Amino acid sequence: MHRPVLPAAALALALAACAPAEPPDPVWPGEAPPAPERMPDGTCQAREVTPAIYEHVMGEIQVVQAEIAEDGTVVRPPIYRRAPVPKVVKPRGELRFEAPCPEQLTEEFLASVQRALAARDDYSGPVTGRLDAPTRAAIRAYQKERGLDSAQLSIETARSLGLIATPIDEIEALGAG
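Predicted model only: the values in this text are computed from it and were never measured.

## Notes on the side chain of threonine 157
Inspection of the secondary structure puts threonine 157 in helix 4 (residues 155–160). Within the structure, the side chain of threonine 157 is placed 2.8 Å from the side chain of glutamine 143, a separation counted as a polar contact. Looking at threonine 157, its side chain comes within polar contact range of the side chain of serine 154, at 3.0 Å. Leaving out residues up to four positions away in the same chain, threonine 157 has contacts with Tyr142 and Gln143.

As structure tokens, this is what we get:
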């Protein structure tokens, strides 16, 4: 018996041509964080949202409603079954902190961030001047060691890297304390 191979191969090629060339970028967590929000005093605030963490624990789920007579007596009690139910382990969180404003995040500034992180062995990629995934990962690693788990650059981190000047009144306050 002779099977036609040509139509099947043509159909496979046609279907392959319809498939996307590469998978779309994931929305979470690879998405770039939103730009810092400008505050009325002229500073900018970054917002870091941490999603809630759930775990499944055994619990009881009502599967049949109780039947109650008009006089309030229970005709038939409710029926429950044991099943896994979600439990919040860590609630959703939102952290706000001062960050460089978008106009400060120039290509030259970001290249300086990359060089400063590389000098501290937190960044090993090329100096591109872009806030790409390796740069965000290095920023997160550097800041996480200092108590801020965020890939968004904070003003405090930029100051500790020597990239943004510290206001003189803050320096004087440190000397007075």
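## Description of the side chain of threonine 135
Following the sequence through the fold, threonine 135 ends up in helix 3 (residues 133–144). Side chain to side chain, threonine 135 and aspartate 132 meet in a polar contact 2.5 Å long. If near-sequence neighbours (up to four positions away) are discounted, threonine 135 is found in contact with Gln114, Tyr123 and Arg130.

## What to know about the state of the cysteines
Within the structure shown, the criterion is met by one disulfide. In this model, cysteine 44 is linked to cysteine 101 through a disulfide, with the two sulfur atoms separated by 2.0 Å. For the disulfide bridge between cysteine 44 and cysteine 101, the dihedral angle about the S-S bond is near 110 degrees, and by the sign convention the bridge is right-handed. With cysteine 44 in strand 2 (residues 44–50) and cysteine 101 in the loop between strand 7 (93–99) and helix 2 (107–119), this pair connects stretches of sequence that are 57 residues apart. When its relative accessible area of 1% is taken as the criterion, cysteine 44 is described as buried. Exposure remark for cysteine 101: the relative accessible area of 5% places this residue in the buried category.

## What about the pattern of salt bridges?
Once the charged atoms of two side chains with opposite charge are near each other, the side chains can pair. Summed over all chains, the structure comprises eight salt bridges. Among the ionic pairs, arginine 96 bridges to glutamate 37, the shortest N-O distance being 3.4 Å. With arginine 96 in strand 7 and glutamate 37 in strand 1 (residues 37–38), the pair connects residues that are 59 residues apart, well separated along the chain. Between glutamate 103 and arginine 38 there is a salt bridge, and its shortest N-O distance comes to 2.4 Å. Of the two residues, glutamate 103 sits in the loop between strand 7 and helix 2 while arginine 38 sits in strand 1, which places them 65 residues apart along the sequence. Each of Glu37, Arg92, Glu94 and Arg96 takes part in one network of salt bridges that share partners.

## Observations concerning unusual backbone geometry
Notably, aspartate 121 is not glycine yet its phi reads approximately 60 degrees, a positive angle. Considering the arrangement of structural elements, one finds aspartate 121 in the loop between helix 2 and helix 3. Judged by relative accessible area, which is 72%, aspartate 121 ranks as exposed.

Analysis parameters
- Residues numbered from 1 in each chain as written.
- Predicted model: local features only at pLDDT ≥ 70, side-chain atom pairs only at ≥ 80, totals over all residues.
- Heavy atoms only, no water.
- Helix = DSSP H or I, 4+ residues; strand = E, 2+ residues; numbered from the N terminus.
- Polar contact = N/O pair within 3.5 Å; in protein donor to acceptor, adjacent residues only side chain to side chain.
- Contact = heavy atoms within 4.5 Å.
- Disulfide = S-S within 2.5 Å.
- Buried < 20%, exposed > 50% of the residue type's maximum accessible area, 1.4 Å probe, protein only.
- Salt bridge = Lys/Arg side-chain N within 4 Å of Asp/Glu carboxyl O.

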